[in-house]
Amino acid sequence: HYVKEVRLNQTLEIPCLEDMTSENLSNYPLKWLVEKNGRKEELVTKEPSCPAVYKNSSMLYGQRVHLGLNNSLEVFPTKIMDDGRVFSCHVIYHPQRVQKTSTTVRVFSK
């Protein structure tokens, strides 16, 4: 579990699997979720050799999320409501083998 600090209105970039940079994540399905108060919401899914699918039904993140290089999640602009949210990346190597990392966001104003 990681904590990421970001300033208000800046771009927040969260790596998918920080300790797995050598492994090619584009060969495996993955998804990004956000959690607040126990409720999880899917933000984006990516299947191998297919474009990312954004879940734009989200009122908070519909137009603010983008899948960046190495499948990192980019959120722009960062808002005060992002503080304390937990973003998690799930890489599905096999139905019984899913690797997950979670990052809690702390937003600071200038």
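Computed from a prediction, not measured in an experiment: that's the story for all the values here.

Q: I'd like a rundown of the pattern of salt bridges, residues and numbers included.
A: Applying the stated rule across the entire model yields 3 salt bridges. Across the pair arginine 64 and aspartate 82 runs a salt bridge whose closest N-O atoms are separated by 2.5 Å. Taken together, the residues span a long stretch of sequence, with arginine 64 in the loop between strand E5 (53–54) and strand E6 (65–67) and aspartate 82 in the loop between strand E7 (73–75) and strand E8 (86–94) at a distance of 18 residues. The two residues arginine 64 and aspartate 82 agree in class, both being buried. Close ionic contact of aspartate 83 with arginine 106 constitutes a salt bridge, the shortest N to O distance being 3.9 Å. You can see aspartate 83 sitting in the loop between E7 and E8 and its partner arginine 106 sitting in strand E9 (residues 97–108), a full 23 residues away along the chain. When its relative accessible area of 28% is taken as the criterion, aspartate 83 is described as partly exposed.

Q: Account for the environment of asparagine 37, naming residues and giving values.
A: By the element assignment, asparagine 37 lies in the loop between strand E3 (30–36) and strand E4 (39–46). When its relative accessible area of 72% is taken as the criterion, asparagine 37 is described as exposed. As a C-alpha pair, asparagine 37 and valine 98 span 61 residues in sequence and 23 Å in three-dimensional space.

What counts and what doesn't
Chains are numbered independently. Their residues run from 1 in the order of the written sequence. Given that the model is predicted, a residue must reach a pLDDT of at least 70 before its local features are reported, and side-chain atom pairs must reach 80 or more before they are shown or counted; all residues, however, enter totals for whole chains, interfaces and linings. To get the side-chain values, take all heavy atoms of the structure and skip hydrogens and water. One speaks of a salt bridge when a side-chain nitrogen belonging to Lys or Arg is within 4 Å of a carboxyl oxygen belonging to Asp or Glu. Starting at the N terminus, helices and strands are each numbered in turn, a helix being any DSSP run of H or I of at least four residues and a strand any DSSP run of E of at least two. Think of it in three bands: residues with accessible area under 20% of the maximum for their type are buried, residues over 50% are exposed, and the middle band is partly exposed, with areas taken using a 1.4 Å probe on protein chains only.

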